[in-house]
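# Structural features, examined
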Amino acid sequence: MDVRRREPVSVGSIKANANRKSLGGVNVDVHDPIKASDALPLPLYLANAVFFGVFFSVVYFLLTRWREKIRTSTPLHVVTLSEIAAIVTFLGSFIYLLGFFGIDFVQGIIARPGHDNEWDAEDDIIVKDDARAVPCGAAVDCAPSVPVVAVASPKPKVPVPSPLSSEEDEEIIKSVVAGAIPSYSLESRLGDCKRAAAIRREALQRMTGRSLDGLPLEGLDYESILGQCCEMPVGYVQIPVGIAGPLLLDGREYSIPMATTEGCLVASTNRGCKAIYASGGATSVLLRDAMTRAPVVRFGTAKRAAELMLFLENPLNFDTLSVVFNKTSRFGRLQSIKCAIAGKNLYIRFSCSTGDAMGMNMISKGVQNVLDFLQTDFPDMETIGISGNYCSDKKPAAVNWIEGRGKSVVCEAIIKEEVVKKVLKTNVAALVELNMLKNLTGSAMAGALGGFNAHASNIVSAVYIATGQDPAQNVESSHCITMMEAVNDGKDLHISVTMPSIEVGTVGGGTQLASQSACLNLLGVKGANKESPGMNARQLAAIVAGSVLAGELSLMSAIAAGQLVRSHMKYNRSSKDVSKA
């Protein structure tokens, strides 16, 4: 429960609420404690001006007098009556200014939003049972009601006010609905991300006339997504996370978190993991590790574009360009530059390592630095866009399938004959034939681009969502060719998946969120690897490929054995209306 910005609940505070009066639309407590600003019967700005003037006047007077004493060798402790009066005046004005400005400043720092432990004193009076009278989506006030502490007084109990001022929130909601306050500015205006989300949610319901009852609001740290993961939040979507495994990969066991709403997916991947484990495990090989970014620049003629291309691809210039690129990041290291010309337009594909980050922002900074550097020698170069789709990001592209992007991984395993029969319920010959006719020939007939597999994107998406990766990069990350071959005199099955563009990271973006961070921690790849930067991200890419290997093995076996429809009818259908649950 988020109790930030909540006033301490006590009998005294309840009594104080009864003594509040409305003066000109502003709530004023008639029993407010005396403040330093009440020292003079003057308006507040005049009182402050007087004390500021007195304070600096006496400081100037004392400094002048003490400088004169030092020059005449007069002891500083010998003071006149005027100096004593000045010292007393200095202390009085200092105390006033400290009381008026200093305490509020210190409290403002201590009570800054985001420090959840500052309200620990309230824990004794917070009741864990939710006593809300309406669903969370039906009103802005989603906080459980808090009972009043019992006292010996015979006075009736007064309900504790909501932690949010309902009148103030109502005014803000009306302003958002009317367009007077932009919805995107609520976080900066209120300084409370959760409150902003609740107000935005209620305003949205009023503007659309549709309820968001089924969309949870409570349970998410809205501070953690501000400026990083999501703008203008009104709640969050629940996706169940299942565990497949253990997956025995490169001699280590991994429990694979998979966030999905597709029945059978986790169970099928788990069966594939079981078959791999029973056969001695799988092995992986990292072929390449390089994120790419390809700006498009334009010249007046194709000849000038070709001149820049020759300059960039000349090995003698690479070291200079590397120094310019690398100084923008501690981890980004330029690996290669590949160019393509279309008329007088030049597409420049930069490839670089990015440590444990997925690296799109990192490489973009380096590319911008190189473009600025090139502008000196090629002043007629016009940068059309920092990305010219030759990268290629979040789109199926042959350049990623051939050249690779992110991590290029091959994962393989030899499945024993008895495991194929007992665990997978099929035989080696049937799997090899099905793979040839479905994953290879069938995909070729469909004109597939990187889709020579059964369902690699299923596993990639589930693992990506669970571990905080960019789900949209499932497009190129799911490029995969699945190969199956009978080995050991046709008794055993050799299966492999080749995935040239797995784009993952273990720092930045959604990996910082609590749930996704927990899944990364389960895999042992949370955060940056301090001993060998980039190792955690490379290990995650291998785990993704290993999970795809397990998923491919199980699904192909289900199809070969004729079990696919039957299993989906059993596990992927429900007669229950979840929306009414």
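As a convention, each chain's residues are numbered from 1 in the sequence order in which they are written. Owing to the predicted nature of the model, reporting of local features is limited to residues with pLDDT of at least 70; listing and counting of side-chain atom pairs is limited to 80 or more, with chain, interface and lining totals taken over all residues. Computation of side-chain values: all heavy atoms of the structure, hydrogens and water removed.

### Here we look at helix α10 (residues 360–377)
Each α-helix turn comprises 3.6 residues. Residues three or four places apart therefore point the same way. Threshold: Secondary structure elements are defined from DSSP: runs of H or I of at least 4 residues count as helices, runs of E of at least 2 residues count as strands, and each element is numbered from the N terminus. For a helix, the expected span equals 1.5 Å multiplied by the residue count minus one. Relative accessibility under 20% of the residue-type maximum defines a buried residue, over 50% an exposed one, and the middle range a partly exposed one, all with a 1.4 Å probe and only protein chains included. Should any heavy atoms of two residues lie within 4.5 Å, those residues are counted as being in contact.
Under the 1.5 Å per step criterion, the end-to-end length of α10 is 27 Å for 18 residues, consistent within 8% with the ideal 26 Å. Looking at α10, one finds that the buried residues are Met360, Met362, Ile363, Ser364, Gly366, Val367, Val370, Leu371 and Leu374. Structurally, α10 contributes buried residues whose contacts are with β5 (283–293), β6 (296–298), α8 (302–312), α9 (315–326), β8 (345–353) and β9 (382–385).

### Some remarks on the pattern of salt bridges
Pairs can form between side chains of opposite charge whenever their charged atoms are close. Formally: Any Lys or Arg side-chain nitrogen located within 4 Å of an Asp or Glu carboxyl oxygen qualifies as a salt bridge.
A full pass over the atoms with the stated rule returns 18 salt bridges. Among the ionic pairs, Arg206 bridges to Glu202, the shortest N-O distance being 3.1 Å. Taken as a pair, Arg206 and Glu202 lie in helix α6 (residues 193–208) at a separation of four residues, close to a single helical turn. Accessibility expressed as a relative area gives 11% for Glu202, which makes it buried. Here Arg405 and Glu476 are joined by a salt bridge, their closest N and O atoms 3.5 Å apart. Of the two residues, Arg405 sits in the loop between α11 (398–403) and β10 (406–415) while Glu476 sits in helix α15 (residues 474–477), which places them 71 residues apart along the sequence. Overall, the relative accessible area of 0% leaves Arg405 in the buried class. Salt bridges sharing common partners tie together Asp393, Arg405, Glu476 and Glu503.

### Observations regarding unusual backbone geometry
Cis geometry is found at the peptide bond from Gly245 to Pro246, where omega equals 10°. Relative to the helices and strands, Pro246 is located in strand β3 (residues 241–249). Of note, the amide linkage connecting Cys391 to Ser392 takes the cis form, showing an omega dihedral of -5°. On the secondary structure map, Ser392 appears in the loop between β9 and α11. Positive phi, close to 50°, is recorded for Met232, a residue that is not glycine.

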